[in-house]
Amino acid sequence: MQKALFVTEVGKPVSLGTRVIPNPNLGEVLIKVTSSQILPHDTYGRDSGLFFQSNLPYVLGTNISGIVTKLGPSVTKYKVGAHIFGQGSPLAPLPDSAGLQEYATLRASDSALVPEGFTDDQIATLPTNAVTAFKALFHSENFHLPFPPSKTFDYSSKTLVVIGAGSNVGKLTIQFAKMVGLGSVVAVASISGEKELKELGATYVVDRYSEDVVRDVHAMVGGQDAVTHVIDCVNWVYDLAANLVSRTRPSVIVTLHRADSAVEALERLGKQESRAMGAKGLREHFTELAEVFWGNIGEWVAEGKILTGKFRVIEGLDAEKINEALDLYRDGRPVVQAVIHPNAEL
Ligand SMILES: NC(=O)c1ccc[n+]([C@@H]2O[C@H](COP(=O)([O-])OP(=O)(O)OC[C@H]3O[C@@H](n4cnc5c(N)ncnc54)[C@H](OP(=O)(O)O)[C@@H]3O)[C@@H](O)[C@H]2O)c1
């Protein structure tokens, strides 16, 4: 048996309990979890059952790193003792691949070795947000920019606007856009973040508190018709994104929450040529890109192309502290990402 933190009732705090240590299935490994970073969707899971619905009791945590303790059938990618990181699955019927427990399974295809020189904590800040940013840019359901980079595609002629560029997903989107040489990236964010965002790869930073963000973005890029790609990383209502995109050129808006209001806003504005859709960053929606992403993410981090996030540590499966960290997302308060050490003593 192992210790785990459970959602036993949707809308109630998570609580400590025990469950069996899972056995790795075909293509999976069992890891001793060293670090698991919690994300806004973990709060939505606790408070409204997002992803696992009434499939209770459930365990949160999709960003996971740890030490391989057992190889499932057909896994040759890792050796026992390797430090790896990967993305768990909140959609699976059982919470075997979840981070807020001492042991978890990871699929070899949705994980990678922790790159040399990096800690399990640092790397645990990446999986879901990096998968989401990568998916938004390169998946056929979203912007569908060619990846691996194509010699015949003109990345330099494209302009991407990132609304909520100061968010973790926003920063990762900027870094991946820089990696393929996108022409210009406009970051809509607090102006206090300008220096950092430009270092990450933003060409321009527009103050999100400006009285006219649309005007400011268009002024930066030479008019509305230059804006054909907009990702909104923070909002739930998408009038800003719909107002930003071109009137004359087919454009794409990618959202991180339900895209319905973006579709409606485009219709209202007479921009029927344009499309809006959500980027679902769970591993189940990422299979098309999993090989290229997980085959390279360690190297991109080691080379400094992709930076790990800032974080703080919570030792042990401390229900009180972890509920408080989940509450910060619920209450919209400033968050430094919390990385949990499930195997540490309380
Ligand atoms: N679809 C998916 O699969 C998926 C995956 C990952 C995340 N998400 C969702 O994406 C959202 C963001 O997640 P995250 O962890 O990246 O967020 P985060 O890092 O916690 O974002 C907070 C930052 O967003 C910026 N911000 C907040 N409100 C804004 C606004 N109205 N306009 C512009 N910027 C604003 C602020 O930055 P500054 O003020 O410093 O600029 C703030 O510091 C969450 O709701 C999460 O659930 C979805």
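Residues numbered from 1 in each chain as written. Predicted model: local features only at pLDDT ≥ 70, side-chain atom pairs only at ≥ 80, totals over all residues. Heavy atoms only, no water.

## With respect to the overall build of the chain
Heads up, the condition is: In this description a helix means any DSSP run of H or I spanning at least four residues, a strand means any run of E spanning at least two, and both kinds are numbered starting from the N terminus. Atoms considered for the radius of gyration are the C-alpha atoms alone. The globule rule reads 2.2 Å times the number of residues to the power 0.38. Accessible surface area values rest on a Shrake-Rupley calculation with a 1.4 Å probe, where residue burial reflects the displayed protein chains alone. None of His or the chain ends enter the tally, which takes Lys and Arg as positive and Asp and Glu as negative. The atom standing in for a charge is NZ when the residue is Lys, CZ when it is Arg, CG when it is Asp and CD when it is Glu.
Across its full length, the chain carries 10 helices and 15 strands. For 346 residues, the compact-globule formula gives about 20 Å, and the C-alpha radius of gyration of the chain, at 20 Å, lands near that figure. Along the three orthogonal principal directions, the C-alpha set of the chain runs to about 60 × 45 × 35 Å. Accessible surface computed for the chain: about 14800 Å², of which carbon and sulfur atoms make up 52%. Mean positive and mean negative side-chain charge positions of the chain (32 and 38 charges, respectively) differ by 2 Å.

## What to know about helix H1 (residues 40-48)
Short version of the rule: Each residue is placed in one exposure class: buried if its accessible area under a 1.4 Å probe, protein chains only, is under 20% of its type's maximum, exposed if it is over 50%, and partly exposed if it falls in between. Two residues qualify as a contact provided that any one of their heavy atoms is within 4.5 Å of a heavy atom in the partner residue.
Along H1, the positions that sit buried rather than exposed are His 41, Asp 42, Thr 43, Gly 45 and Arg 46. On its buried side, H1 packs onto strand S3 (28-37), helix H3 (127-138) and helix H10 (319-330). Two residues or fewer past H1, Gly 49 is found with a positive phi of approximately 75°.

## Quick notes on the site of the ligand
Stated precisely, the cut-off is as follows: One heavy atom suffices: a residue is near a molecule or strand as soon as one of its heavy atoms comes within 4 Å of it. Here a polar contact means two N or O atoms within 3.5 Å. Within protein one must be a hydrogen donor candidate and the other an acceptor candidate, and residues neighboring in sequence count only if both atoms are side-chain atoms. Think of it as three bins: nonpolar holds Ala, Val, Leu, Ile, Met, Phe, Trp, Tyr, Cys and Pro, charged holds Asp, Glu, Lys and Arg, and polar takes everything else, Gly as well.
Around the ligand lies a shell of 20 residues, among which Asn 168, Ser 190, His 257, Ala 279 and Gly 281 are the nearest. One of the side-chain nitrogen or oxygen atoms of Tyr 44 is found 2.9 Å away from an oxygen atom of the ligand. In the environment of the ligand, a nitrogen atom lies 2.7 Å from a nitrogen or oxygen atom belonging to the backbone of Ala 279. In the complex, 75% of the free accessible area of the ligand, which totals 940 Å², lies under the protein chains. At the level of elements, H1, H3 and helix H4 (168-179) are the ones that each hand at least two residues to the shell around the ligand. Its residues placed into classes, the shell around the ligand shows eight nonpolar, 10 polar and two charged.

## Focus: helix H9 (residues 287-302)
Just so we agree on the cut-off: A helix is expected to span 1.5 Å for every residue after the first. The quantity called bend is, for any residue, the angle between two axes fitted respectively to the seven residues ending at it and the seven beginning at it.
Given a rise of 1.5 Å per residue, 16 residues ought to cover 22 Å, and the 24 Å separating the end C-alpha atoms of H9 matches this to within 8%. Considering bend angle alone, the principal kink of H9 is centred on Asn 296 and spans about 40°. Those residues of H9 not exposed but buried are Leu 289, Ala 290, Val 292, Phe 293, Trp 294, Ile 297, Gly 298, Trp 300 and Val 301. The secondary structure elements touched by the buried residues of H9 are strand S5 (83-87), strand S7 (111-113), helix H2 (120-123), H3 and H4. Where H9 terminates, the next one or two residues include Gly 304, which has phi positive at roughly 80°.

## Notes on the side chain of Thr 105
As for its placement among the helices and strands, Thr 105 is situated in strand S6 (residues 103-107). In contact with Thr 105, other than residues within four places in its own chain, are Pro 22, Asn 23, Pro 24, Glu 28, Val 29, Leu 30, Asp 96 and Ser 97.

## Notes on the domain arrangement of the chain
We apply this condition: Segmentation into domains, and thus their bounds, comes from an automatic or database assignment. Once two parts are put together, the accessible area they lose, assessed with a 1.4 Å probe and summed over both, is termed the buried area. Salt bridges are defined as contacts in which a side-chain nitrogen from Lys or Arg sits within 4 Å of a carboxyl oxygen from Asp or Glu.
The domain boundaries assigned to the chain delineate domain 1 (2-126 + 308-341) and domain 2 (130-278). One C-alpha centre belongs to domain 1, the other to domain 2; they are set 30 Å apart. Counting residues at the interface gives five residues for domain 1, matched by seven residues for domain 2. Carbon and sulfur atoms make up 47% of the surface buried where domain 1 meets domain 2, a total of about 420 Å² over both sides. At the junction of domain 1 with domain 2, the criterion picks out one salt bridge. Measuring nitrogen to oxygen at the nearest pair gives 3.8 Å for the salt bridge that ties Lys 310 to Glu 196.

## A closer look at the environment of Asp 96
Along the chain, Asp 96 turns up in the loop between S5 and S6. Among the residues examined, Asp 96 registers a relative accessible area of 19% and is labelled buried. Spatially, the C-alpha atoms of Asp 96 and Val 59 are 8.2 Å apart, while their sequence positions differ by 37 residues. Among residues more than four places away in sequence, those in contact with Asp 96 are Arg 19, Pro 22, Gln 101, Ala 104 and Thr 105. A polar contact of 2.7 Å, which involves the side chain of Asp 96, links it to the side chain of Arg 19.

## Some remarks on the packing of H3 against H9
A pair of packed helices can be characterised by two numbers: the angle between their axes and the separation between those axes. Just so we agree on the cut-off: Axes, fitted as lines to C-alpha atoms, cover a helix only where it is in contact. Angles between the N-to-C directions of the axes lie from 0 to 180 degrees. Reported orientations rely on four angle classes, namely roughly parallel under 35 degrees, roughly antiparallel over 145, roughly perpendicular from 65 to 115, and oblique for the rest. Each helix crossing is assigned a hand: it is left-handed if the near helix lies turned anticlockwise from the far helix by less than a right angle, otherwise right-handed if that turn is clockwise.
Viewed as axis vectors pointing N to C, H3 and H9 meet at an angle of 120°, and their least axial separation amounts to 11 Å. Our classification of the angle between H3 and H9 gives oblique. For the pair H3 and H9, the sense of crossing is right-handed. Listed contacts from H9 to Pro 127, Ala 130, Val 131, Phe 134, Lys 135 and Phe 138 of H3 are Glu 288, Leu 289, Val 292, Phe 293, Trp 294 and Trp 300. Here the contact of H3 with H9 is composed, by residue class, of 10 nonpolar, no polar and two charged.

## Observations concerning the sheet that holds strand S11 (residues 229-232)
Through backbone hydrogen bonds, the strands of a sheet pair up, either in parallel or in antiparallel fashion. What counts, and what does not: Two strands make a pair as long as DSSP finds a minimum of two bridges between them.
Sheet architecture is open: six strands sit in the order S10-S9-S8-S11-S12-S13, paired in parallel fashion. The sheet terminates laterally at strand S10 (204-207) and strand S13 (275-278), the two strands that pair on one side only. Strand-to-strand, the axes of this sheet are offset by a mean angle of 20°, without reference to chain direction. Sheet analysis places strand S8 (residues 159-163) next to S11, joined by four bridges and oriented parallel. Bridge pairing in S11 links Leu 160 to His 229. Each of S8, strand S9 (184-189) and S11 is contacted by H4, which is oriented at about 165° to S8, the strand it contacts most. Running over the sheet, helix H8 (residues 260-268) touches strand S12 (252-255) and S13 and is turned about 175° from S13.

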